[in-house]
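Coordinate analysis (summary)
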Amino acid sequence: MVETGPLDPSRGGGGRIDRVDDDEAGLFALVDQVRRIRALTTGGLFDTDLDPLTAQLREVADRLEAASASTERRQAVTWSTGDYVTNCPVVGRSNVLAPPIAFDILDDGTLRGEVTLGLEYQGPPACVHGGMVALLFDVVLGRANFHAGATGMTVYLDVDYRSPTPVLEPIVVTGRQVRVEGRKIWAQGAIHAGDRLCATAEGMFVEPGGLLLENRRRLAGG
Ligand SMILES: CCCCCCCC(=O)SCCNC(=O)CCNC(=O)[C@H](O)C(C)(C)COP(=O)(O)OP(=O)(O)OC[C@H]1O[C@@H](n2cnc3c(N)ncnc32)[C@H](O)[C@@H]1OP(=O)(O)O
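Note that the structure is a prediction, hence the values are computed from the model and not measured.

**Here we look at the pairing of strand E3 (residues 111–116)**
Of the pairings in the sheet, the one linking strand E2 (residues 103–105) to E3 comprises three bridges and is antiparallel in character. Looking at E3, one finds that Phe103 is bridged to Gly113. Joining the antiparallel neighbours E2 and E3 is a turn of five residues, in which Gly109 adopts a positive phi near 90°. Where E3 and strand E5 (residues 170–181) come together, six bridges link them in antiparallel fashion. Paired with Gly113 across the two strands is Val173, which belongs to E5.

**Regarding the sheet that holds strand E4 (residues 153–161)**
Judged by pairing direction, the sheet is antiparallel, and its seven strands sit side by side in the order E1-E2-E3-E5-E6-E7-E4 without closing on themselves. Taken across any chain shown, the strands that pair with only one partner, and hence form the sheet edges, are strand E1 (15–16) and E4. Inspection of the sheet shows E1 paired to E2 by two bridges, in the antiparallel sense. Within E2, the residue paired with Arg16 across the bridge is Asp104.

Rules of the game
- Residues numbered from 1 in each chain as written.
- Predicted model: local features only at pLDDT ≥ 70, side-chain atom pairs only at ≥ 80, totals over all residues.
- Heavy atoms only, no water.
- Pairing = 2+ DSSP bridges.
- Helix = DSSP H or I, 4+ residues; strand = E, 2+ residues; numbered from the N terminus.

Note that every value here comes from positions in space, so none of it alone points to a role or purpose.
Following this line, the structure appears as structure tokens:
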């Protein structure tokens, strides 16, 4: 049973976590522009000829592709530097999939983030897609675990969709670790729109031990 008291969206205070502002290469600034395009093209209706714009975008994509390191090299860098958060599909400023959300950590370790999701995250009319809701939970619970000092891979994620989670309106995503037993970790979360409860989740995570380290070493080529 998810205890919603500590997940009350009106709780405030706390400090920003997982904040990476260093954008020396200009990647976050570039991705912000891609996000604008991503948002505008979902259900895209334009009163202009798109062909010239498509040609311009193709040229930009070609130039980026020519200048980019290989996928394998980029994957290695994301893990070898431990710089997971900038590439995460929910909080990552360099991941175009991410809204992105910024989380604050409250005094009891609860994470709280506010976000307004655009049409690109829509499932049913005016509602956030259920798979996106699950993704938000997986990340907020995972980050809550990380900041509580015991983290692992998701082995189950139980989501209760209690009322529609709206697109185009602010929502509050909360999550906290509730229990650790050996390698097993439990965490709970909630999503609210105003004071309306949209969804709750409980996840269980297992510290993968050697597997993750082995993957990191392999991907880093070490
Ligand atoms: C480090 C975080 C980086 C960011 C991650 C972001 C979140 C994610 O997206 S994770 C990706 C999605 N998750 C996955 O792919 C995980 C797939 N699962 C696995 O690879 C393996 O189950 C793994 C590595 C986690 C654990 O495997 P292993 O080390 O062999 O553990 P295993 O012995 O099977 O299980 C440990 C305990 O958990 C229990 N358990 C495992 N799965 C479940 C489950 N689904 N439900 C309930 N209990 C379970 C087992 O019964 C066992 O309990 P006990 O110790 O009491 O016998």
